[in-house]
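So you can see what is in the structure, the chains are spelled out below.
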Amino acid sequence: SQQGEEDPQALSIQEGENATMNCSYKTSINNLQWYRQNSGRGLVHLILIRSNEREKHSGRLRVTLDTSKKSSSLLITASRAADTASYFCATYSNDYKLSFGAGTTVTVRA
Amino acid sequence: DTGVSQNPRHKITKRGQNVTFRCDPISEHNRLYWYRQTLGQGPEFLTYFQNEAQLEKSRLLSDRFSAERPKGSFSTLEIQRTEQGDSAMYLCASSLELLYGYTFGSGTRLTVV
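All of these numbers come straight from a predicted model, not from anything done at the bench. (Residues numbered from 1 in each chain as written. Chains lettered and ligands numbered in written order. Predicted model: local features only at pLDDT ≥ 70, side-chain atom pairs only at ≥ 80, totals over all residues. Heavy atoms only, no water.)

Draft legend 1. Examining the state of the cysteines more closely. Scanning the entire structure with this criterion turns up two disulfides over all chains. Paired by a disulfide, A:C23 and A:C89 hold their sulfur atoms 2.0 Å apart. Its S-S torsion of approximately 65° makes the covalent link between A:C23 and A:C89 right-handed. Residue A:C23 is found in strand β3 (residues 19–24), and its partner A:C89 is found in strand β9 (residues 85–92); the two are separated by 66 residues along the sequence. Disulfide partner of B:C23: B:C92, at an S-S distance of 1.9 Å. Note on the B:C23 and B:C92 pair: the S-S dihedral is about -70°, so by sign convention the disulfide is left-handed. (Disulfide = S-S within 2.5 Å. Helix = DSSP H or I, 4+ residues; strand = E, 2+ residues; numbered from the N terminus.)

So, in structure tokens, the structure goes:
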């Protein structure tokens, strides 16, 4: 079974717009990570946020974490065609391995 | 080091045949993970090695599946008597330390016909 659930399942935006996706999880975590996957390829690590952090930035990415609501959000600003991919949240819980959600598929239209 | 390498990239096999996949992790990473991913889903954990020791196996890993990591370097995942339900992308990942991010390979796509 998967720990996280992303919302929405799919997102279509115009180039230059912002994309926001959310992740909810079930159990307490050590950290939460976001990954990107281009079609048919492996996953690429984007950003890691620890359970005692509330917000983190990396380039055009902004991640928030609310442990009281067991939720996280990923914001991609000024989207580009190259941002078209599936995005997954993954959590490290007490069993010390990453558990992934089902992902959000983002399409950026030129 | 060029990252995590998986071979082959694609494998088509007939039902009932055995297949073996190889993963070469980043050399200084002592943790190695296997995941399986089906279309439209996120990766599901299969098994995990710390150096050469296999520390955890998912219940998804039936008796037909076996994984090894001799000498704590590369790893192999073997599926015996393949079934159509085994068709999936098999992903390998490695990490330097516990709780760190993973570096994934490009995966091996298995099709059982």
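Draft legend 2. The arrangement of the sheet that holds strand β1 (residues 5–7) of chain A in detail. All names here are of chain A. Taken in spatial order, the five strands of this open sheet run β1-β3-β8-β7-β6, and their pairing is antiparallel. The open sheet has two edge strands with one neighbour each: β1 and β6 (55–58). Looking at each pair of strands side by side, their axes are set apart by 20° on average, direction ignored. In this structure, β6 lies alongside strand β7 (residues 61–66), joined through four bridges in antiparallel fashion. Considered in β7, the bridge of S58 is made with L61. (Pairing = 2+ DSSP bridges. Axes fitted to C-alpha atoms, helices over the stretch in contact; angles between N-to-C directions.)

Draft legend 3. How the structure looks around the interface of chain A and chain B. Facing the 21 residues of chain A at the interface are 22 residues of chain B. Across the interface of chain A and chain B, roughly 1700 Å² is buried in total on both sides, 53% from carbon and sulfur atoms. For chain A, the biggest contributors to the area lost against chain B are A:L43, A:Y92 and A:K97; these three give 28% of the whole. The interface formed by chain A and chain B includes one salt bridge. The closest approach of N and O atoms between A:K97 and B:E56, which form a salt bridge, is 2.8 Å. Joining chain A to chain B, the criterion identifies eight residue pairs in polar contact (both at pLDDT 80 or more). Mapped by element, the contributors of at least two residues to the side of chain A that touches chain B are β4 (31–37), β5 (43–50), β9 and β10 (98–100) of chain A. If one sorts the elements of the side of chain A that touches chain B by residue count, β4(A) sits on top with four residues. (Contact = heavy atoms within 4.5 Å. Buried area = accessible area lost by both parts, 1.4 Å probe. Salt bridge = Lys/Arg side-chain N within 4 Å of Asp/Glu carboxyl O. Polar contact = N/O pair within 3.5 Å; in protein donor to acceptor, adjacent residues only side chain to side chain.)

Draft legend 4. Region of the structure containing the environment of A:S68. Residues and elements named next belong to chain A. Looking at where S68 falls in the secondary structure, it is placed in the loop between β7 and β8 (71–76). Sequence-wise, S68 and V44 are 24 residues apart; in three dimensions their C-alpha atoms are separated by 28 Å. For S68, the side chain forms a polar contact with the side chain of D66, separated by 2.5 Å.

Draft legend 5. Representation of unusual backbone geometry within the structure. Residue A:P8 follows A:D7 across a cis peptide bond; omega there is 0°. Locating A:P8 in the fold gives a position in the loop between β1 and β2 (10–14). A cis amide bond, omega -5°, links B:N7 with the succeeding residue B:P8. Not every positive phi belongs to a glycine, and A:A78 is a case in point at roughly 45°. Relative to the elements of secondary structure, A:A78 occurs in the loop between β8 and β9. At B:K71, a residue that is not glycine, the phi angle is positive and equals roughly 60°. Tracing the chain through its elements places B:K71 in the loop between β7 (65–68) and β8 (75–79).

Draft legend 6. Broad picture of the sheet that holds β7(B). Residues and elements named next belong to chain B. If you walk across this open sheet you meet the four strands as β1-β3-β8-β7, and the pairing is antiparallel. Each having just a single partner strand, β1 (5–7) and β7 make up the two edges of the open sheet. Neighbouring strand axes in the sheet, compared pairwise and without regard to direction, differ in orientation by 15° on average. With five bridges connecting them, strand β3 (residues 19–24) and β8 associate as antiparallel partners. The partner of V19 across the bridge, within β8, is I79.

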